[in-house]
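Survey of secondary and tertiary structure
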Amino acid sequence: MSLPFEELAELDRLVHEPARLAILTALAACKAADFLYLQRLTGLTKGNLSSHLAKLEDAELVIVEKEFVGKIPNTRISITKGGRSAVERHWKRLSQLRQASLQWAPDTP
Amino acid sequence: MTADRLRQIHDVTDNFFFWQGLRWIPMGAALLGSAAALSPNLPIPNSLRTWIALPMFVVALWLSTSVLGRYYARHFGRVRGDPSRHVTRTSVKWLIVYPGIIVAMLVDAKLGPPLVVSSLAFALAIEAYRESTGGGRWHYLVAAIGLVAFSVLPLFGVVQTGKHALTPLIGIVGLIYIVGGVLDHRELVRVLSPIQGEERVASL
(Lines give C-alpha, C1' and ligand atoms only; values in the text may rest on other atoms or scores of the structure.)
Protein backbone atom coordinates (compact mmCIF):
# COMPACT_ATOMS: atom_id res chain seq x y z
CA MET A 1 0.00 0.00 0.00
CA SER A 2 1.42 3.38 -1.00
CA LEU A 3 1.77 6.26 1.43
CA PRO A 4 -0.60 9.22 1.08
CA PHE A 5 2.34 11.44 0.16
CA GLU A 6 3.33 9.12 -2.67
CA GLU A 7 -0.23 9.15 -3.98
CA LEU A 8 -0.11 12.94 -4.04
CA ALA A 9 2.42 12.72 -6.85
CA GLU A 10 -0.06 10.76 -8.92
CA LEU A 11 -2.60 13.62 -8.97
CA ASP A 12 -3.38 15.11 -12.35
CA ARG A 13 -1.33 18.30 -12.27
CA LEU A 14 -3.27 19.90 -15.07
CA VAL A 15 -6.42 19.74 -12.93
CA HIS A 16 -4.77 20.11 -9.52
CA GLU A 17 -3.30 23.58 -10.14
CA PRO A 18 -5.42 25.86 -7.85
CA ALA A 19 -6.69 28.31 -10.47
CA ARG A 20 -7.55 25.56 -12.94
CA LEU A 21 -9.21 23.50 -10.23
CA ALA A 22 -11.33 26.55 -9.30
CA ILE A 23 -12.26 27.10 -12.96
CA LEU A 24 -13.22 23.47 -13.50
CA THR A 25 -15.12 23.31 -10.20
CA ALA A 26 -17.16 26.37 -11.20
CA LEU A 27 -17.81 25.12 -14.72
CA ALA A 28 -18.90 21.73 -13.40
CA ALA A 29 -21.69 23.52 -11.50
CA CYS A 30 -23.25 25.21 -14.54
CA LYS A 31 -23.81 24.92 -18.28
CA ALA A 32 -21.42 27.79 -19.08
CA ALA A 33 -19.84 30.88 -17.57
CA ASP A 34 -18.25 33.90 -19.18
CA PHE A 35 -14.70 35.19 -18.92
CA LEU A 36 -15.57 38.01 -16.52
CA TYR A 37 -17.22 35.64 -14.06
CA LEU A 38 -14.21 33.33 -14.04
CA GLN A 39 -11.90 36.31 -13.69
CA ARG A 40 -13.75 37.56 -10.62
CA LEU A 41 -13.92 34.05 -9.21
CA THR A 42 -10.20 33.34 -9.55
CA GLY A 43 -8.85 36.89 -9.14
CA LEU A 44 -6.50 36.25 -12.08
CA THR A 45 -5.42 38.85 -14.61
CA LYS A 46 -6.80 38.55 -18.14
CA GLY A 47 -3.50 37.16 -19.39
CA ASN A 48 -3.19 34.53 -16.68
CA LEU A 49 -6.78 33.41 -17.01
CA SER A 50 -6.43 33.18 -20.80
CA SER A 51 -3.31 31.08 -20.35
CA HIS A 52 -5.04 28.67 -17.94
CA LEU A 53 -8.06 28.42 -20.24
CA ALA A 54 -5.82 27.70 -23.21
CA LYS A 55 -4.20 24.81 -21.33
CA LEU A 56 -7.60 23.41 -20.36
CA GLU A 57 -8.85 23.85 -23.92
CA ASP A 58 -5.78 22.10 -25.35
CA ALA A 59 -6.47 19.18 -23.03
CA GLU A 60 -10.10 19.20 -24.25
CA LEU A 61 -11.40 19.78 -20.74
CA VAL A 62 -13.23 23.02 -21.64
CA ILE A 63 -14.70 24.65 -24.73
CA VAL A 64 -14.10 28.36 -25.28
CA GLU A 65 -16.56 30.11 -27.57
CA LYS A 66 -16.77 33.73 -28.69
CA GLU A 67 -20.22 35.19 -29.09
CA PHE A 68 -21.97 38.53 -29.11
CA VAL A 69 -24.37 39.60 -26.36
CA GLY A 70 -26.12 42.46 -28.13
CA LYS A 71 -23.21 44.33 -29.67
CA ILE A 72 -20.71 43.34 -26.98
CA PRO A 73 -18.32 40.45 -27.61
CA ASN A 74 -18.42 37.84 -24.90
CA THR A 75 -16.30 34.78 -24.23
CA ARG A 76 -18.28 31.82 -22.99
CA ILE A 77 -16.59 28.82 -21.43
CA SER A 78 -18.17 25.45 -20.80
CA ILE A 79 -16.84 22.18 -19.49
CA THR A 80 -16.62 19.10 -21.71
CA LYS A 81 -17.80 15.65 -20.72
CA GLY A 82 -14.15 14.69 -20.28
CA GLY A 83 -13.52 17.79 -18.16
CA ARG A 84 -16.47 17.00 -15.92
CA SER A 85 -15.32 13.45 -15.30
CA ALA A 86 -11.72 14.67 -14.78
CA VAL A 87 -12.74 17.13 -12.07
CA GLU A 88 -15.11 14.64 -10.43
CA ARG A 89 -12.35 12.02 -10.45
CA HIS A 90 -9.98 14.58 -8.96
CA TRP A 91 -12.38 15.52 -6.18
CA LYS A 92 -12.87 11.84 -5.36
CA ARG A 93 -9.10 11.30 -5.32
CA LEU A 94 -8.57 14.30 -3.04
CA SER A 95 -11.23 13.01 -0.69
CA GLN A 96 -9.61 9.56 -0.59
CA LEU A 97 -6.21 11.15 0.07
CA ARG A 98 -7.66 13.19 2.89
CA GLN A 99 -9.09 10.08 4.49
CA ALA A 100 -5.81 8.19 4.01
CA SER A 101 -3.76 10.99 5.53
CA LEU A 102 -6.04 11.10 8.58
CA GLN A 103 -5.56 7.36 9.13
CA TRP A 104 -1.85 7.30 8.30
CA ALA A 105 0.71 7.17 11.11
CA PRO A 106 4.49 6.85 10.71
CA ASP A 107 6.02 3.47 11.63
CA THR A 108 7.43 3.52 15.12
CA PRO A 109 10.54 1.41 15.97
CA MET B 1 -7.14 26.76 -2.45
CA THR B 2 -8.95 25.09 0.41
CA ALA B 3 -11.75 22.54 0.12
CA ASP B 4 -14.10 25.10 1.72
CA ARG B 5 -13.25 27.68 -0.93
CA LEU B 6 -13.84 25.14 -3.70
CA ARG B 7 -17.15 24.16 -2.14
CA GLN B 8 -18.10 27.85 -2.02
CA ILE B 9 -17.11 28.34 -5.67
CA HIS B 10 -19.27 25.37 -6.61
CA ASP B 11 -22.27 26.53 -4.56
CA VAL B 12 -22.18 30.16 -5.67
CA THR B 13 -21.82 29.20 -9.36
CA ASP B 14 -24.59 26.64 -9.03
CA ASN B 15 -26.91 29.27 -7.49
CA PHE B 16 -25.53 32.48 -8.99
CA PHE B 17 -28.94 34.00 -9.69
CA PHE B 18 -30.03 33.66 -6.06
CA TRP B 19 -26.87 35.30 -4.72
CA GLN B 20 -27.48 38.47 -6.76
CA GLY B 21 -28.95 40.12 -3.70
CA LEU B 22 -29.72 43.56 -5.11
CA ARG B 23 -32.31 41.91 -7.35
CA TRP B 24 -34.45 41.17 -4.27
CA ILE B 25 -34.52 44.73 -2.99
CA PRO B 26 -37.19 46.11 -5.39
CA MET B 27 -39.45 43.16 -4.58
CA GLY B 28 -38.91 43.80 -0.86
CA ALA B 29 -39.76 47.47 -1.35
CA ALA B 30 -42.92 46.48 -3.27
CA LEU B 31 -43.95 44.15 -0.44
CA LEU B 32 -43.32 46.90 2.13
CA GLY B 33 -45.26 49.37 0.00
CA SER B 34 -48.11 46.88 -0.38
CA ALA B 35 -48.21 46.33 3.36
CA ALA B 36 -48.46 50.09 3.82
CA ALA B 37 -51.15 50.37 1.14
CA LEU B 38 -53.16 47.53 2.68
CA SER B 39 -52.80 48.89 6.21
CA PRO B 40 -56.15 49.99 7.63
CA ASN B 41 -54.32 52.82 9.42
CA LEU B 42 -53.78 54.66 6.14
CA PRO B 43 -56.75 56.69 4.88
CA ILE B 44 -56.88 55.10 1.42
CA PRO B 45 -60.17 54.06 -0.23
CA ASN B 46 -60.39 50.26 -0.27
CA SER B 47 -61.00 50.23 -4.03
CA LEU B 48 -57.63 51.94 -4.59
CA ARG B 49 -55.50 49.70 -2.37
CA THR B 50 -54.97 46.94 -4.96
CA TRP B 51 -54.33 49.49 -7.71
CA ILE B 52 -51.59 51.07 -5.64
CA ALA B 53 -49.89 47.73 -4.90
CA LEU B 54 -50.02 46.28 -8.42
CA PRO B 55 -47.87 48.92 -10.21
CA MET B 56 -45.27 48.61 -7.45
CA PHE B 57 -44.78 44.92 -8.29
CA VAL B 58 -44.61 45.67 -12.03
CA VAL B 59 -41.88 48.28 -11.45
CA ALA B 60 -40.09 45.96 -9.00
CA LEU B 61 -40.08 43.14 -11.56
CA TRP B 62 -38.70 45.45 -14.24
CA LEU B 63 -35.97 46.79 -11.93
CA SER B 64 -35.05 43.31 -10.75
CA THR B 65 -34.88 41.56 -14.11
CA SER B 66 -33.84 44.31 -16.47
CA VAL B 67 -31.88 47.01 -14.66
CA LEU B 68 -30.24 44.94 -11.93
CA GLY B 69 -29.87 41.93 -14.22
CA ARG B 70 -27.75 44.09 -16.53
CA TYR B 71 -25.79 45.46 -13.57
CA TYR B 72 -24.80 41.97 -12.43
CA ALA B 73 -23.95 40.82 -15.97
CA ARG B 74 -21.69 43.86 -16.49
CA HIS B 75 -19.94 43.70 -13.13
CA PHE B 76 -19.93 40.03 -12.15
CA GLY B 77 -20.28 38.22 -15.45
CA ARG B 78 -22.76 35.70 -16.75
CA VAL B 79 -23.43 32.15 -15.69
CA ARG B 80 -25.78 29.89 -17.60
CA GLY B 81 -27.31 27.65 -14.97
CA ASP B 82 -28.18 24.03 -15.43
CA PRO B 83 -31.88 23.51 -14.53
CA SER B 84 -31.45 19.74 -14.61
CA ARG B 85 -29.38 20.04 -11.40
CA HIS B 86 -32.35 21.49 -9.52
CA VAL B 87 -35.35 19.44 -10.53
CA THR B 88 -36.14 18.49 -6.93
CA ARG B 89 -35.82 22.08 -5.69
CA THR B 90 -38.11 23.37 -8.44
CA SER B 91 -40.70 20.67 -7.76
CA VAL B 92 -40.66 21.27 -4.00
CA LYS B 93 -40.96 25.03 -4.54
CA TRP B 94 -44.01 24.83 -6.82
CA LEU B 95 -45.74 21.81 -5.32
CA ILE B 96 -45.09 22.30 -1.60
CA VAL B 97 -43.65 25.69 -0.60
CA TYR B 98 -45.82 28.13 -2.59
CA PRO B 99 -49.08 26.18 -2.10
CA GLY B 100 -48.14 25.79 1.59
CA ILE B 101 -47.77 29.55 2.00
CA ILE B 102 -51.10 30.20 0.25
CA VAL B 103 -52.89 27.61 2.39
CA ALA B 104 -51.32 29.07 5.55
CA MET B 105 -52.48 32.58 4.59
CA LEU B 106 -55.99 31.27 3.92
CA VAL B 107 -55.99 29.53 7.30
CA ASP B 108 -54.98 32.79 9.00
CA ALA B 109 -57.51 34.84 7.05
CA LYS B 110 -60.48 32.48 7.39
CA LEU B 111 -59.96 30.56 10.65
CA GLY B 112 -57.97 33.01 12.79
CA PRO B 113 -55.91 30.43 14.70
CA PRO B 114 -54.11 31.49 17.93
CA LEU B 115 -50.73 31.49 16.11
CA VAL B 116 -49.79 33.29 12.89
CA VAL B 117 -49.53 30.15 10.76
CA SER B 118 -48.35 32.10 7.70
CA SER B 119 -45.36 33.37 9.62
CA LEU B 120 -44.33 29.79 10.40
CA ALA B 121 -44.81 28.88 6.73
CA PHE B 122 -42.60 31.81 5.65
CA ALA B 123 -39.97 30.80 8.24
CA LEU B 124 -39.82 27.26 6.85
CA ALA B 125 -39.75 28.58 3.28
CA ILE B 126 -36.86 30.95 4.03
CA GLU B 127 -34.79 28.25 5.69
CA ALA B 128 -35.50 25.87 2.81
CA TYR B 129 -34.48 28.64 0.41
CA ARG B 130 -31.19 29.22 2.27
CA GLU B 131 -30.34 25.53 2.35
CA SER B 132 -31.28 24.81 -1.26
CA THR B 133 -29.43 27.77 -2.76
CA GLY B 134 -25.96 27.14 -1.46
CA GLY B 135 -26.28 27.37 2.32
CA GLY B 136 -24.28 29.95 4.29
CA ARG B 137 -25.95 33.38 4.49
CA TRP B 138 -26.88 32.97 8.14
CA HIS B 139 -28.97 36.15 8.06
CA TYR B 140 -31.76 34.04 6.56
CA LEU B 141 -31.65 31.70 9.54
CA VAL B 142 -31.93 34.75 11.81
CA ALA B 143 -34.88 35.95 9.70
CA ALA B 144 -36.56 32.54 9.96
CA ILE B 145 -36.14 32.56 13.76
CA GLY B 146 -37.61 36.09 13.82
CA LEU B 147 -40.62 34.89 11.85
CA VAL B 148 -41.15 31.99 14.26
CA ALA B 149 -41.05 34.53 17.10
CA PHE B 150 -43.59 36.70 15.26
CA SER B 151 -45.91 33.71 14.83
CA VAL B 152 -46.28 33.28 18.59
CA LEU B 153 -46.71 36.98 19.43
CA PRO B 154 -50.54 36.77 19.39
CA LEU B 155 -50.28 34.37 22.36
CA PHE B 156 -48.90 37.28 24.38
CA GLY B 157 -51.41 39.75 23.04
CA VAL B 158 -48.71 41.76 21.25
CA VAL B 159 -50.06 41.20 17.74
CA GLN B 160 -53.59 40.55 16.56
CA THR B 161 -54.16 37.13 15.14
CA GLY B 162 -55.91 36.02 11.94
CA LYS B 163 -56.16 38.30 8.92
CA HIS B 164 -55.01 41.33 10.93
CA ALA B 165 -51.59 39.75 11.26
CA LEU B 166 -51.14 39.32 7.51
CA THR B 167 -50.51 42.97 6.63
CA PRO B 168 -47.62 43.44 9.11
CA LEU B 169 -46.31 40.02 8.08
CA ILE B 170 -46.14 41.10 4.42
CA GLY B 171 -44.19 44.16 5.59
CA ILE B 172 -41.79 42.01 7.61
CA VAL B 173 -41.23 39.69 4.65
CA GLY B 174 -40.54 42.76 2.50
CA LEU B 175 -37.99 43.94 5.05
CA ILE B 176 -36.35 40.49 5.00
CA TYR B 177 -36.07 40.72 1.20
CA ILE B 178 -34.36 44.11 1.49
CA VAL B 179 -31.94 43.32 4.33
CA GLY B 180 -31.29 39.80 3.00
CA GLY B 181 -30.65 41.21 -0.45
CA VAL B 182 -28.10 43.73 0.79
CA LEU B 183 -26.30 41.06 2.83
CA ASP B 184 -26.41 38.57 -0.07
CA HIS B 185 -24.80 41.20 -2.30
CA ARG B 186 -22.06 41.79 0.27
CA GLU B 187 -21.44 38.06 0.43
CA LEU B 188 -21.25 37.84 -3.37
CA VAL B 189 -18.72 40.69 -3.49
CA ARG B 190 -16.67 38.80 -0.90
CA VAL B 191 -16.75 35.58 -2.96
CA LEU B 192 -16.24 37.27 -6.34
CA SER B 193 -13.64 39.83 -5.36
CA PRO B 194 -13.18 42.91 -7.56
CA ILE B 195 -10.48 42.63 -10.19
CA GLN B 196 -7.34 44.37 -8.99
CA GLY B 197 -4.51 45.91 -10.93
CA GLU B 198 -6.11 46.20 -14.35
CA GLU B 199 -9.14 47.66 -15.97
CA ARG B 200 -12.39 45.82 -15.50
CA VAL B 201 -13.44 43.76 -18.49
CA ALA B 202 -17.02 43.09 -19.44
CA SER B 203 -15.80 40.76 -22.12
CA LEU B 204 -12.68 39.58 -23.84
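Residues numbered from 1 in each chain as written. Chains lettered and ligands numbered in written order. Predicted model: local features only at pLDDT ≥ 70, side-chain atom pairs only at ≥ 80, totals over all residues. Heavy atoms only, no water.

Considerations on the overall build of chain A
- On a plain count of helices and strands, chain A comes out with 6 helices and 3 strands.
- Ordered by position from N to C terminus, the α and β elements of chain A give α-α-α-β-α-α-β-β-α.
- As displayed, chain A offers around 6100 Å² of accessible surface, 55% of which is attributable to carbon and sulfur atoms. (Helix = DSSP H or I, 4+ residues; strand = E, 2+ residues; numbered from the N terminus. Areas by Shrake-Rupley, 256 points an atom, 1.4 Å probe, with all protein chains shown as cover.)

Some remarks on a nonpolar patch on the surface
- Residues Val92, Trp94, Leu95, Ile96 and Tyr98 of chain B make up a contiguous nonpolar surface patch of roughly 550 Å² in combined accessible area.
- Structurally, the position occupied by Tyr98 of chain B is in helix H4 (residues 87–111). (Patch = residues over 30% accessible without salt bridge, like charges linked within 9 Å, V, L, I, M, F, W, Y side chains within 5 Å. Salt bridge = Lys/Arg side-chain N within 4 Å of Asp/Glu carboxyl O.)

Comments concerning helix H5 (residues 46–58) of chain A
Residues and elements named next belong to chain A.
- Between the first and last C-alpha of H5 there are 18 Å, a value that for 13 residues agrees with the 18 Å anticipated at 1.5 Å per step.
- Where H5 is concerned, the buried positions are Lys46, Leu49, His52, Leu53 and Leu56. Seen along its axis, H5 keeps its buried residues to an arc of 135°; they face one direction.
- Looking at the packing, one finds that the buried side of H5 touches helix H2 (13–16), helix H3 (18–27), helix H4 (35–42), strand S2 (62–69) and strand S3 (72–79). (Expected span 1.5 Å × (residues − 1). Buried < 20%, exposed > 50% of the residue type's maximum accessible area, 1.4 Å probe, protein only. Arc of directions from axis to C-beta. Contact = heavy atoms within 4.5 Å.)

Here's the deal with the confidence of the model for chain B
- For chain B, the mean per-residue pLDDT works out to 90, and 95% of the residues sit at or above 70.
- Here the predicted complex scores 0.85 on pTM and 0.83 on ipTM. (pLDDT = per-residue confidence, 0-100.)

Topic: the packing of helix H2 (residues 24–38) of chain B against helix H7 (residues 166–191) of chain B
Residue and element names in this part refer to chain B.
- Axis separation between H2 and H7 bottoms out at 7 Å; the angle between their running directions is 160°. As the angle between them shows, H2 and H7 are arranged roughly antiparallel. The handedness of the crossing between H2 and H7 comes out as left-handed. For the pair H2 and H7, contact is made by Trp24, Ile25, Met27, Gly28, Ala29, Leu31, Leu32, Ala35 and Leu38 and by Thr167, Ile170, Gly171, Val173, Gly174, Leu175, Tyr177, Ile178, Gly181, Val182 and Asp184, respectively. (Axes fitted to C-alpha atoms, helices over the stretch in contact; angles between N-to-C directions. Parallel < 35°, antiparallel > 145°, perpendicular 65-115°, else oblique. Left-handed = near helix turned anticlockwise from the far one by under 90°.)

Considering the interface of chain A and chain B
- Facing 30 residues of chain A, the contacting portion of chain B comprises 35 residues.
- Between chain A and chain B lies a buried interface of about 2900 Å² when both sides are counted; carbon and sulfur atoms form 60% of it.
- Three residues stand out in chain A for area buried against chain B, namely Leu36, Tyr37 and Arg40 of chain A, and they jointly supply 27% of the buried area on that side.
- One can count 0 salt bridges joining chain A with chain B.
- In this structure, the connection of chain A to chain B is made through 8 residue pairs in polar contact (both at pLDDT 80 or more).
- Those elements that provide at least two residues to the side of chain A that touches chain B are H3, strand S1 (32–34), H4, H5, S2 and S3 of chain A.
- The element contributing the most residues to the side of chain A that touches chain B is H4 of chain A, with 6 residues. (Buried area = accessible area lost by both parts, 1.4 Å probe. Polar contact = N/O pair within 3.5 Å; in protein donor to acceptor, adjacent residues only side chain to side chain.)

Quick look at the confidence of the model for chain A
- Per-chain confidence: chain A averages 86 in pLDDT, with 84% of residues scoring 70 or above.
- When the elements of chain A are averaged for pLDDT, helix H1 (residues 4–8) of chain A gives the smallest value, 57, and S1 of chain A the largest, 96.

Here we look at the pattern of salt bridges
- Within the structure shown, the criterion is met by 7 salt bridges over all chains.
- As a salt-bridge pair, Glu67 of chain A and Arg76 of chain A come within 3.5 Å of each other at their nearest N and O atoms.
- Residue class for Glu67 of chain A comes out partly exposed when judged on its relative accessible area of 24%.
- One salt bridge connects Glu187 of chain B with Arg190 of chain B, and the closest N-O pair in it is separated by 2.7 Å. Highlighted residues: Glu187 of chain B and Arg190 of chain B, both in helix H7, separated by 3 residues, approximately one helical turn.
- A residue is classified by how much of its surface remains accessible, and Arg190 of chain B, at 54% relative accessible area, is exposed.

A few points about the layout of surface pockets
- Its volume calculated, the largest pocket comes out at about 1000 Å³.
- Looking at side-chain class alone, the lining of the largest pocket contains 22 nonpolar, 5 polar and 3 charged residues. (1 Å grid on protein atoms, 1.4 Å probe; cavity = no way out; pocket = protein on both sides within 12 Å on 5 of 7 lines; lining within 4 Å. Points joined across faces, edges and corners; volume = space filled by probe spheres on them. Nonpolar A, V, L, I, M, F, W, Y, C, P; charged D, E, K, R; others polar.)

Here we look at the packing of aromatic side chains
- Per the stated rule, a full pass over the model turns up 10 aromatic pairs over all chains.
- Measuring from centroid to centroid gives 6.3 Å for Tyr71 of chain B and Phe76 of chain B, while their planes differ by 65°, and the two rings are edge-to-face.
- Judged by its relative accessible area of 28%, Tyr71 of chain B is partly exposed.
- A residue is classified by how much of its surface remains accessible, and Phe76 of chain B, at 2% relative accessible area, is buried.
- Ring centres 5.5 Å apart and planes at 85° place the aromatic pair Tyr129 of chain B and Tyr140 of chain B in the edge-to-face group. On the criterion of sequence distance, the pair formed by Tyr129 of chain B in helix H5 (residues 117–132) and Tyr140 of chain B in helix H6 (residues 139–152) is long-range, its members being 11 residues apart.
- By way of ring pairs, the aromatic residues Phe17, Phe18, Trp24, Tyr129 and Tyr140 of chain B are connected into one cluster.
- Of note, Arg40 of chain A hangs over the ring of Phe76 of chain B, and the distance from its end group to the ring centre comes to 4.1 Å. (Phe/Tyr/Trp six-rings, centres within 6.5 Å; stacked < 30°, edge-to-face > 60°. Lys NZ or Arg CZ within 6 Å of the ring centre and 35° of its normal.)

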